[in-house]
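Listed below, chain by chain, are the residues.
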Amino acid sequence: MKGLFHPESPLMQGLTKLFDCIALSLLWMLCCLPVVTAAAATAALYAAVYKYLRREEGTLLHTYFAALRENFRRSTLAGLAAIAVLALLVLDALVFRTLRLTGQAMGGLYGVSLLLCALGLTWWFYLAAYSARFNGTVRDVLRFSALLMLLHPVRALQMLVILAAGLVLSLALPGAVLVAPAAVCWAGSILIEKVFLLHLRPEDAQTRQDSTTGGNTDES
């Protein structure tokens, strides 16, 4: 029987995953500092969570930085487009909030603007996940990530709940921010990978379920 502190005991494996989540979260925050690299950093985080944490492939640093390097240009360009859209949505929300506070009729659209902001945030995560898992152009990343989100509204809603939970915990619990990015990405990847499987060719889906592939997969 394995002892409590044996490297393969549930306790030690759980602690190892926790420390890995903290390390990946810190890497993500560091690589997000220029802001314009946030999408590439998020795509690298998704790739590292999926490959290293979930499938135990490679090493933490190599997996993260390899994904960052491979997807940097495409993810950054797609991310800049997404940031522009999100900025417009946030600006609209602020305008409608002001109109609502002043009692104007158009202020009734404030709730709609908040919903659009939430959809934009969810789309951001889909964009990063798609960029991390598939090949394609910047246009492909923007288009297919949005389509996958819209085609599966229930999954998108669940993803939004996960993102919101991560944000609330980060604000409410000291130190949670050190784990939340990787933890949210882990939970989100479980949902999104199921969406990806629905749109793969049968042979590709079976290959991915068998966990025999590595790296990016071409769009079918």
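On a predicted model such as this, the values are computed, not experimentally measured, just so you know.

Reading the values: the criteria
- Residues numbered from 1 in each chain as written.
- Predicted model: local features only at pLDDT ≥ 70, side-chain atom pairs only at ≥ 80, totals over all residues.
- Heavy atoms only, no water.
- Core = buried A, V, L, I, M, F, W, Y, C linked by side-chain atoms within 4.5 Å.
- Buried < 20%, exposed > 50% of the residue type's maximum accessible area, 1.4 Å probe, protein only.
- Helix = DSSP H or I, 4+ residues; strand = E, 2+ residues; numbered from the N terminus.
- Expected span 1.5 Å × (residues − 1).
- Bend = angle between axes of the 7 residues up to and from the residue.
- Axes fitted to C-alpha atoms, helices over the stretch in contact; angles between N-to-C directions.
- Parallel < 35°, antiparallel > 145°, perpendicular 65-115°, else oblique.
- Contact = heavy atoms within 4.5 Å.
- Nonpolar A, V, L, I, M, F, W, Y, C, P; charged D, E, K, R; others polar.
- Phe/Tyr/Trp six-rings, centres within 6.5 Å; stacked < 30°, edge-to-face > 60°.
- Lys NZ or Arg CZ within 6 Å of the ring centre and 35° of its normal.

*Asks:* Would you explain the nonpolar core in this entry?
*Replies:* Nonpolar side chains in soluble globular proteins tend to be buried together. By size, the foremost hydrophobic cluster in this structure holds 49 residues, and its most contacted members are Leu-24, Tyr-46, Tyr-64, Tyr-126, Ile-192 and Phe-196. Secondary-structure elements contributing two or more residues to this core are helix 1 (10-32), helix 2 (38-54), helix 3 (60-101), helix 4 (110-133), helix 5 (138-151), helix 6 (153-172) and helix 7 (180-198). Considering each element in turn, this core owes the most residues, 14 residues, to helix 2.

*Asks:* Just checking my understanding: could you explain helix 7 for this structure?
*Replies:* Since the α-helix packs 3.6 residues into each turn, any two residues three or four apart lie on the same face. For helix 7, which comprises 19 residues, the first-to-last C-alpha distance of 28 Å matches the rise-based estimate of 27 Å (1.5 Å per residue) to within 8%. The largest bend along helix 7 reaches roughly 30° and is located at Ser-189. Every buried residue of helix 7 is accounted for by Ala-180, Pro-181, Ala-182, Val-184, Cys-185, Gly-188, Ser-189, Leu-191, Ile-192, Glu-193, Val-195 and Phe-196.

*Asks:* Help me understand the packing of helix 6 against helix 7, please; the structure alone is not making it clear to me.
*Replies:* A pair of packed helices is captured by two measures, namely the crossing angle of their axes and the spacing between those axes. At a minimum axis separation of 10 Å, helix 6 and helix 7 run at an interaxial angle of 175°. The angle between the axes of helix 6 and helix 7 places the two elements in the roughly antiparallel class. Judged by residue contacts, Arg-155, Gln-158, Met-159, Ile-162, Leu-163, Gly-166 and Ser-170 of helix 6 engage Ala-180, Val-184, Ala-187, Gly-188, Leu-191, Ile-192, Lys-194 and Val-195 from helix 7. Split into classes, the residues belonging to the contact of helix 6 with helix 7 amount to nine nonpolar, four polar and two charged.

*Asks:* Just to check I follow, could you spell out the packing of aromatic side chains for this structure?
*Replies:* The description of two aromatic rings rests on the distance between their centres and on the angle between their planes. A complete count under the given rule lists six aromatic pairs for this structure. With a centroid separation of 5.4 Å and an interplanar angle of 85°, the aromatic rings of Tyr-64 and Phe-65 are classed as edge-to-face. Of the residues examined, Phe-65 reaches a relative accessible area of 35% and is grouped as partly exposed. Above the face of the Phe-144 ring, Arg-143 is positioned so that its terminal group lies 4.7 Å from the ring centre.

Interpretation note: all reported values are geometric properties and have no functional meaning in isolation.
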